[in-house]
Amino acid sequence: MLNLKKDLINGHSHVFGEHTNCSVYFCKGTKDGEINLVPEMKSLGIWDELVAAKSHILFHAESLLYKVNNNAAESYNSILAKFIGGKR
């Protein structure tokens with residue numbers, strides 16, 4: 001659980017080229033020719049919006065780990081598929 005949360009917290013940094021907080025099992029570091037866009041995004045003010053958007057995902061990290069879903073339609077379809085033999 002803690003590894004998932006740590007990776008989610010660091011995910012946007014990893015995607016945009018900053019690998020200082022990446023776990024060894026997750027990333028091997030900067031690739032050849034990769035540009036770190038994080039400082040530029042911070043200077044433009046985009047970075048703060050990304051951090052705010054991911055807070056909802058971090059709040060539900062445990063349910064992501066256990067494949068919990070609170071979407072009523074998805075739950076209904078899952079139960080229905082169980083009884084009729086799968087999605088076709």
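Residues numbered from 1 in each chain as written. Predicted model: local features only at pLDDT ≥ 70, side-chain atom pairs only at ≥ 80, totals over all residues. Heavy atoms only, no water.

## Examining helix α5 (residues 72-84)
For clarity, the threshold we go by: Counting from the N terminus, the helices are DSSP H or I runs at least four residues long and the strands are E runs at least two residues long. Helix span, as expected, comes to 1.5 Å for every residue beyond the first.
Compared with the 18 Å implied by 1.5 Å per residue over 13 residues, the 18 Å span of α5 between its first and last C-alpha is a close match. Downstream of α5 by one or two residues, Gly85 has phi in the positive range, about 95 degrees.

## A closer look at a nonpolar patch on the surface
What counts here: Patch construction takes residues with relative accessible area above 30% that form no salt bridge. Like charges are linked within 9 Å, and nonpolar side chains (Val, Leu, Ile, Met, Phe, Trp, Tyr) are linked within 5 Å. Here, Shrake-Rupley sampling with a 1.4 Å probe gives the accessible areas, and only protein chains in the shown set may cover a residue. Every case where a carboxyl oxygen of Asp or Glu lies within 4 Å of a side-chain nitrogen of Lys or Arg is listed as a salt bridge.
A cluster of nonpolar side chains, namely Tyr76, Ile79, Leu80, Phe83 and Ile84, defines an oily patch on the protein surface of about 590 Å² accessible area. Relative to the elements of secondary structure, Leu80 occurs in helix α5.

## Looking at the environment of Gly11
Operational definition: To sort residues, take the accessible area from a 1.4 Å probe on protein chains only and compare it with the maximum for the residue type: under 20% means buried, over 50% means exposed, and anything in between is partly exposed.
Topologically, Gly11 is positioned in helix α1 (residues 2-15). A relative accessible area of 17% means that Gly11 is categorised as buried. Considering only alpha carbons, one finds Gly11 and Lys54, 43 residues apart in sequence, at a separation of 9.4 Å.

## A short note on the confidence of the model for the protein chain
Formally: Values of pLDDT, ranging from 0 to 100, describe the predictor's confidence in every residue of the model.
Residues at a pLDDT of 70 or more form 88% of the protein chain, whose mean pLDDT is 81. The weakest mean pLDDT in the protein chain belongs to helix α4 (residues 61-65) at 68; the strongest belongs to helix α2 (residues 38-44) at 93.

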